[in-house]
Structure formats: structure tokens, C-alpha cells
Amino acid sequence: MRFNLIGKVNEFARSRSGSFAILTAMVAAVLALSAGFAVNLAQLYNVRSALRSSLDSAVTSTARDITTGVIDVKDAREWVERFLIVNGEPTIMDGERIVLNTLVVDKLLGTLEATAYVDVAIYFPLFGSNKERRVSAQSSSLYSDKKIEVAMMLDVTDSMGGQKIKDLKTAASNAVDALTKNQKMDNPRVRIALVPYSDGVNVGALAKDVVFVEKSGGWDLPPPVDATKAEISNNTGTASDNCATERKTVDLKADFTDDAPDSIRTRKISGKSRDYPAKVNRDDRLNACAKAVLKPLSADADALKKQINDFSVAGYTAGATGIQWTNYMLSEKWAPAIKNAGLGDGPAKADPKKIAKIAILMTDGEFNTAHADVTGNVRSQGTKSRSYAESLCETMKKNGIEVFTIGFKLTNNDAKGVMKKCASPDTGAFKRYYETSSGDELNEAFLTIARNIEALVLTN
């Protein structure tokens, strides 16, 4: 008998027997189970994703608030829970309640670690299984309770006139706001020093301890501790404009240390920084001291911004002098002199675990003015000024100071070169040297550095 395949298929299709109905039901059940299982998986995945996102945001936000001084470490749990309640639960499906299970603050490592869970009412309980499933998530973030000291060296030379000085005022003021935002004035985390510079640095009330004018070419500043009264009387004078040039050694070479005036005197080195050698016209030495006065570390954002807004321009570019005084404003050795002048507490003791010290150096042109080891025109000393600047930058970096540099509309390759060499090495995504060609770019460079300072504090 010949088997008729087509006929048998047609016969099966016309069949109304129970076997086919059972088979159809089984297939439908499997499909329904598969669909329900898939819906449950999608539901749990969405909840887990939303929970993790909310917990990450809560922990990161709390770590940032601890770092910036908005809250204390002891308030971390309350802060995370508050964030989850306000910002987390609306993102979880059907409004399930997020429970903060654990929060561990490791003060030694500077970490915040949290676990949280949500009990989810699943859409399709299968085979009598529990109608709720617990979804958990874990998150961690770094925080830092380090204090931050920032010294900003700002170019107020003649070439910064017009729109340039306006752009600088805007950028520097915005950086002050970004760095001091939300901090507590009774226990500030960030303090900022301003070092405007041109031919020299106007050191204001510090001048009585650090600025000395020669009368007869004997010493550049203060005389050695074993000098006689007659020697001192014959070789000292006073500076009426409070303007400091770079400090020199006893043989009139540039001094690259951060030693304070008192300690300088004990090793018979010229501890102050102004010179009018005998028979040299004053105008050949110091053409125009900046009217803008140096401001030691302060947390008063309004006072800092007022000082910036009062900047005016004059003179040439003694970049090494500006860098020297930026170093002093971050050196603990200068705290006594700053206190003695009634200008605050001065820099804190260097401690990488407790204090981050940052220098921001800005210029719009070539460093061209130097006084140390110069007998002629001090304003045509590009080679010496750059060399002194690079040596001073190396001193800062060896002292643990992180150096950022900004070139504003630089066209001179020597100017670009010294700023690149002065900057600390780039690490990861963090740049240290910025070239800017407009006011907007200058502003963004300052703000980027402000943001990077926070990130560096967390990672170092």
C-alpha cells in the first residue's frame, strides 16, 4: 500500500480529536509562561537599573557635599536617605520604597559605601512563588576632607589693557565663586590668594618685612644678622610703593627658595626683594609697580572679587617675580610674616593628607623682566626671566604644589614654552596647561581648573 503523505496531513488538519486540543493548550501555556517570565525579568531589570542609578546619585552627591564642606561625615546616612526619598523613589516602578540597608564611612580611605534594596511586587507570580522579589544594589564613592589653598598669579601688565583685563576679571571672579561655593565661612575648606604682577608685585602691608631699597649698593635686603649699626645705616632705605622684585642671594644671584625673611637673614642671604644699585636710575630698574595689591589666602569671596574688580594695568612682565610670590603665598614658612602684617593666618603646614596646595599661573605674553644678576636694562631679560620662572616652578612642584598654567592669546613660542614647562605633568583626563584665544576660553579654562582641583583632591 502506498503511503499518501499529503492525504494524512489533510486528515490530521481536519481532526477534532482531544489530542490536538491538549497539544494546543500545552503550547499556549508554555507561551504564556514564557511571556510572563519575560515580563518579570524586564520589570526586575528596570527596577534594578533605576535603584542603582538612584543610589549612585545619592552616594556621589553626599560624598561631594562632604568634600565641599556642605555637610559633616556624621550626617552622611541622613543625607543619602533624604536624597533617595526626594529623588529616588519616583524613578522606581510603581513607587516601591527604597530602603537604605547599610552605609559605611571609611575615614582612613575616604570612602562612602552603601547598599540599598527594594521589595518589588512582580506582575506574574509563577507556580505559587512569592509575589515579591527583593532587588538590591551597591554603590561607593570617594570623598575628601582636605583643605584647599589656591594661589592665583594674574597678569596686570600693559598688554592686558582693554578687553583683556575685563575678560580676566570675569574669569578670575567666576573661579573664586566656583571654588568657594557652599562652604561654611566659620570653617572654610577653600582659601584663595591673589598675586597680581607686572614689573614687580605690590606686596602691601608685607613690605615692612620684605621690601628693602639699597642706598649704596651694599645689600639688596635685609643686612646680615652680624652687620653693624653703621653698616646698616649706610646701606638701607625704604620703599614708598611697596613693590617687590625677585629675591637675590648674597652674590646677587636669583634665590629660588621659599624661605621666610627671618630665616634668610640667618644664612646671610638677601631676604628682601628690591634693589636700586648705586648710580643706577630708578626708572631703569622698576618702571611700574602694579597698583593691584597682593592678597594672602582668604575665604572671603566678596573681598577677593572686589580686589579683582579693582585691577588696573601697567608695566612689563616680571613673571618670575609673580611665580616667586605665588610660592610664598602657599608656603607655611611665610605664615609668621603674614600674621605679623595682620593679613590672616597665612598658609597651613604642608601635609598632603590634609592640605592640597594649588598654583594657577596666568600670562598673556613673554616673561621679559628680571632684576637678579642684572646690571643693565631689567626689561629686556627674557632669557633670565624664563630661566628663573622655570626654576621657581620646579621648587613649587618639589614642595608638593600642583601647578596649573594658562596662556591667554599667546603668540610667542618662548612664552608658550615656559608655561608648558611650569605646569605639573598631565594625569589621565586632567590637563595642567591651557592655551586660550578668547575671553570665553579663558573663563572656561579657569572653571575647568576649579573643577579639576576638586577631582584631584579626591584622587590624590
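Thresholds, definitions, all that
- Residues numbered from 1 in each chain as written.
- Predicted model: local features only at pLDDT ≥ 70, side-chain atom pairs only at ≥ 80, totals over all residues.
- Heavy atoms only, no water.
- Disulfide = S-S within 2.5 Å.
- Helix = DSSP H or I, 4+ residues; strand = E, 2+ residues; numbered from the N terminus.
- Buried < 20%, exposed > 50% of the residue type's maximum accessible area, 1.4 Å probe, protein only.
- Core = buried A, V, L, I, M, F, W, Y, C linked by side-chain atoms within 4.5 Å.
- Contact = heavy atoms within 4.5 Å.
- Expected span 1.5 Å × (residues − 1).
- Phe/Tyr/Trp six-rings, centres within 6.5 Å; stacked < 30°, edge-to-face > 60°.
- Lys NZ or Arg CZ within 6 Å of the ring centre and 35° of its normal.
- pLDDT = per-residue confidence, 0-100.
- Axes fitted to C-alpha atoms, helices over the stretch in contact; angles between N-to-C directions.
- Parallel < 35°, antiparallel > 145°, perpendicular 65-115°, else oblique.
- Left-handed = near helix turned anticlockwise from the far one by under 90°.
- Nonpolar A, V, L, I, M, F, W, Y, C, P; charged D, E, K, R; others polar.
- Pairing = 2+ DSSP bridges.
- Right-handed = clockwise from strand over helix to strand, strands pointing away.
- Salt bridge = Lys/Arg side-chain N within 4 Å of Asp/Glu carboxyl O.

Trainee: Residue-level account of the state of the cysteines, with values.
Mentor: The bond known as a disulfide is covalent and runs between the sulfur atoms of two cysteines. Per the counting criterion, the structure on display carries 1 disulfide. In this model, Cys 393 is linked to Cys 422 through a disulfide, with the two sulfur atoms separated by 2.1 Å. Classification of the bridge connecting Cys 393 and Cys 422 rests on its S-S torsion, roughly 90 degrees, and on that basis the disulfide is right-handed. Taken as a pair, Cys 393 in helix 11 (residues 382–398) and Cys 422 in helix 12 (residues 413–422) lie far apart in primary sequence, 29 residues in all. The pair formed by Cys 393 and Cys 422 is uniform in burial state, with each residue classed as buried.

Trainee: With reference to specific residues and values, describe the nonpolar core.
Mentor: Counting 43 residues, the largest nonpolar core has Leu 206, Ile 323, Trp 325, Met 329 and Leu 361 as its most contacted members. Ignoring anything within four residues of it in the chain, the contact list for Met 329 reads Ala 151, Ala 193, Val 195, Leu 206, Leu 294, Pro 296, Leu 297, Ile 338 and Pro 347. Grouped together as the second largest cluster of nonpolar side chains are 40 residues, Leu 154, Phe 404, Ala 450 and Leu 456 included.

Trainee: I'd like to hear about unusual backbone geometry, residue by residue, with values.
Mentor: With a phi close to 60 degrees, Asp 373 is a non-glycine residue in the positive phi region. Tracing the backbone shows Asp 373 in the loop between strand 9 (355–363) and helix 11. Overall, Asp 373 belongs to the partly exposed group, its relative accessible area being 33%. For Lys 409, which is not glycine, the phi dihedral falls at a positive 55 degrees. Relative to the elements of secondary structure, Lys 409 occurs in the loop between strand 10 (402–408) and helix 12. Under the relative-accessibility criterion, Lys 409 is labelled partly exposed at 36%.

Trainee: Describe helix 4 (residues 163–180), listing the residues and the values that go with them.
Mentor: With 18 residues, helix 4 extends 26 Å between its outermost C-alpha atoms, agreeing within 8% with the 26 Å of an ideal straight helix rising 1.5 Å per residue. For helix 4, every residue scored as buried is listed here: Lys 164, Ile 165, Asp 167, Leu 168, Lys 169, Ala 171, Ala 172, Ser 173, Ala 175, Val 176, Leu 179 and Thr 180. Taken from the residues just after helix 4, Asn 182 is the one with a positive phi, measuring 70 degrees.

Trainee: Describe in detail the side chain of Gln 324, supporting the description with residues and values.
Mentor: Structurally, the position occupied by Gln 324 is in helix 9 (residues 319–328). On the basis of relative accessible area, Gln 324 is assigned to the buried category, the value being 0%. The residues contacting Gln 324, other than those within four sequence positions of it, are Thr 245, Glu 246, Arg 247, Asp 255 and Leu 392.

Trainee: Which residues make up the packing of aromatic side chains, and what values go with them?
Mentor: Applying the stated criterion across every chain, the model contains 4 aromatic pairs. Geometrically, the ring pair formed by Phe 256 and Tyr 388 is tilted, given 5.9 Å between the ring centres and 55 degrees between the ring planes. One end of the pair, Phe 256, is in the loop between strand 7 (243–244) and helix 7 (261–266); the other, Tyr 388, is in helix 11, with 132 residues separating them in the sequence. Exposure remark for Phe 256: the relative accessible area of 27% places this residue in the partly exposed category. Accessibility expressed as a relative area gives 9% for Tyr 388, which makes it buried. An aromatic cluster of three or more residues is present, and its members are Trp 325, Tyr 328 and Trp 334. Across the ring face of Tyr 316, the terminal group of Arg 379 is positioned such that the distance to the ring centre comes to 5.4 Å.

Trainee: Got a sec to walk through the confidence of the model for the protein chain? Specific residues and values, please.
Mentor: For the protein chain, per-residue confidence averages 79 on the pLDDT scale, and residues scoring 70 or more make up 73% of the total. Segment residues 234–239: pLDDT under 50, and 21 contacts once partners within four positions in sequence are set aside and those in other chains are kept. Segment residues 266–284: pLDDT under 50, and 74 contacts once partners within four positions in sequence are set aside and those in other chains are kept.

Trainee: Describe the packing of helix 11 against helix 12, listing the residues and the values that go with them.
Mentor: Look at helix 11 against helix 12: their axes get within 9 Å of each other, and the N-to-C directions meet at 15 degrees. When the interaxial angle is binned, helix 11 and helix 12 end up roughly parallel. Between helix 11 and helix 12 lies a crossing whose hand is right-handed. Along the contact surface, helix 11 presents Arg 386, Ala 389, Glu 390, Cys 393, Glu 394 and Lys 397, while helix 12 presents Asp 414, Val 418, Lys 421 and Cys 422. The class makeup of the residues in the contact of helix 11 with helix 12 is 4 nonpolar, no polar and 6 charged.

Trainee: Now, about the pairing of strand 5 (residues 190–197): what can you tell me, with residues and values included?
Mentor: Taken across its 8 residues, strand 5 has 8 buried, putting it largely inside the fold. Taking every second residue as pointing to the same face, both faces of strand 5 are buried, with Val 190, Ile 192, Leu 194 and Pro 196 on one and Arg 191, Ala 193, Val 195 and Tyr 197 on the other. Relative to strand 5, strand 4 (residues 147–155) runs parallel, the two sharing 8 bridges. Residue Ala 151 lies in a different strand from strand 5, and its bridge partner there is Ala 193. One crossover worth recording links strand 4 to the parallel strand 5 by way of helix 4, and it is right-handed. As defined by bridge partners, strand 5 adjoins strand 8 (residues 295–298) across 2 bridges and the pair is classed as antiparallel. Note on strand 8: the bridge partner recorded for Leu 194 is Lys 295.

Trainee: Describe the pattern of salt bridges, with residues and values.
Mentor: Within this structure, the stated rule accounts for 22 salt bridges. Of the charged contacts in the structure, one is a salt bridge between Asp 56 and Arg 52, with a shortest N-O distance of 3.1 Å. Linking Asp 56 with Arg 52, this pair stays in helix 2 (residues 18–67), spanning 4 residues, or about one helical turn. Since its relative accessible area comes to 40%, Arg 52 is described here as partly exposed. In this structure, Arg 386 and Asp 414 form a salt bridge, with 3.7 Å as the shortest nitrogen-oxygen distance. Taken together, the residues Arg 386 in helix 11 and Asp 414 in helix 12 connect sequence positions 28 residues apart.

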